[in-house]
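These are the residues of each chain, in order.
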Amino acid sequence: MTTLLALDTATEACSVALLHDGKVTSHYEVIPRQHAQKLLPMIKQLLAESGVALNALDAIAFGRGPGAFTGVRIAIGVVQGLAFALERPVLPVSNLAALAQGALREQGVQQVAAAIDARMDEVYWGCYQATAGEMRLVGREAVLPPEQVALPAGSNGEWFGAGTGWGYAERLAVKVAASNPGALPSALDILSLATFAWARGEAIVAEQAQPVYLRDNVATPKKH
């Protein structure tokens, strides 16, 4: 039976989740600026409580962004370190998709407009629809001013808004039936999405694990 570890540090939340013998366990804390110190101890504690050794993992999933630059880098650094040492593949998962999956899990909603506050007067934006229990992207993810966001062309029915970007609700160019602007991505939902990806054979090698910021120049070195 598949054993997967998932972790996320892309926002103020730091979380880990484990699938082992069909059972899911997780730890979730909102601890801004403490991710680097807390992530590895959280992983070790979760594995110890579940009686699972690191080398029992089949793959490691992680929130690949979009999110805070430093937070996403922390996750990728830890994932690559573990995956290289264990010679295991990795499963990158969108943090916007994780927000949508969380709304499906908690609210049962089938259409989610996920938005994360990207600072600089912009939001990370993605629209998702549920298919057989999996939130799937409709269109593309983008970073936009709140006034430029949009639902997929031809979409109908009610949409739910999830994520800190909904703190801009009055400026967002989309109206939804309800929203949760306090929602943050969780490794629990990254794990759920990674399980679908694993079943489809979408795991990649650790060297291919890359952050997704949606801003083209965020990690580009300055020219001298």
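Residues numbered from 1 in each chain as written. Predicted model: local features only at pLDDT ≥ 70, side-chain atom pairs only at ≥ 80, totals over all residues. Heavy atoms only, no water.

Attention shifts here to the sheet that holds strand E4 (residues 59–63). Spatial strand order, E3-E2-E1-E4-E5: five strands in an open sheet with mixed pairing. Bordering the open sheet on either side are strand E3 (23–30) and strand E5 (90–93), each of which pairs with just one other strand. On average, each strand axis in the sheet is tilted by 15° relative to the strand beside it, whichever way the strands run. Pairing of E4 with E5 involves four bridges; the strand directions are parallel. When the sheet's bridge partners are listed, Gly 63 is paired in E5 with Val 93. Where helix H2 (residues 69–86) meets the sheet, its contacts fall on strand E1 (4–8), E4 and E5, and the angle it forms with E4 comes to roughly 170°. (Pairing = 2+ DSSP bridges. Helix = DSSP H or I, 4+ residues; strand = E, 2+ residues; numbered from the N terminus. Axes fitted to C-alpha atoms, helices over the stretch in contact; angles between N-to-C directions. Contact = heavy atoms within 4.5 Å.)

All right, on to helix H4 (residues 187–199) then. With 13 residues, H4 ought to run about 18 Å at 1.5 Å a step, and its terminal C-alpha atoms sit 18 Å apart, in line with that. Turning to H4, its buried residues are Ala 187, Asp 189, Ile 190, Leu 191, Leu 193, Ala 194 and Ala 197. Note on H4: the residue one or two positions beyond its end, Gly 201, has a positive phi of about 75°. (Expected span 1.5 Å × (residues − 1). Buried < 20%, exposed > 50% of the residue type's maximum accessible area, 1.4 Å probe, protein only.)

Attention shifts here to the side chain of Asp 8. Residue placement: Asp 8 occurs in strand E1. As a buried residue without a salt bridge, Asp 8 has its nearest oppositely charged side chain in Arg 64, at a separation of 9.9 Å. Looking at Asp 8, its side chain comes within polar contact range of the main-chain nitrogen of Ala 10, at 3.4 Å. Among the polar contacts made by the side chain of Asp 8, one reaches the side chain of Asn 95 at a distance of 2.7 Å. Not counting chain neighbours up to four residues away, the residues in contact with Asp 8 comprise Ala 13, Cys 14, Ser 15, Gly 63, Asn 95, Pro 185, Ala 187 and Ile 190. (Lys, Arg positive; Asp, Glu negative; His and termini not counted. Salt bridge = Lys/Arg side-chain N within 4 Å of Asp/Glu carboxyl O. Polar contact = N/O pair within 3.5 Å; in protein donor to acceptor, adjacent residues only side chain to side chain.)

Given a rise of 1.5 Å per residue, 16 residues ought to cover 22 Å, and the 22 Å separating the end C-alpha atoms of helix H1 (residues 35–50) matches this to within 8%. Looking at H1, one finds that the buried residues are His 35, Leu 39, Met 42, Ile 43, Leu 46 and Leu 47. Relative to the axis of H1, the buried residues are bounded by an arc of 120° and lie together on one face. Counted as exposed and oriented over 90 degrees from the buried face of H1: Gln 37, Lys 44, Ala 48 and Glu 49. (Arc of directions from axis to C-beta.)

Turning next to the nonpolar core. Formed by 33 residues in total, the largest nonpolar core has its most connected members in Leu 91, Leu 96, Val 112 and Tyr 128. With seven residues, helix H3 (residues 95–107) is the single largest residue contributor to this core. Counting 28 residues, the second largest nonpolar core, distinct from the first, contains Val 16, Leu 46, Leu 57 and Val 78. (Core = buried A, V, L, I, M, F, W, Y, C linked by side-chain atoms within 4.5 Å.)

Below, the discussion takes up the packing of H1 against H2. Taken N-terminus to C-terminus, the directions of H1 and H2 make an angle of 40°; their axes are 10 Å apart at the nearest point. Judged on the interaxial angle alone, H2 and H1 are oblique. Every pair of crossing elements has a handedness; the one defined by H1 and H2 is right-handed. Taking contact as the criterion, the partners of His 35, Ala 36, Leu 39, Leu 40 and Ile 43 in H1 are, on H2, Ile 74, Val 78 and Leu 82. (Parallel < 35°, antiparallel > 145°, perpendicular 65-115°, else oblique. Left-handed = near helix turned anticlockwise from the far one by under 90°.)

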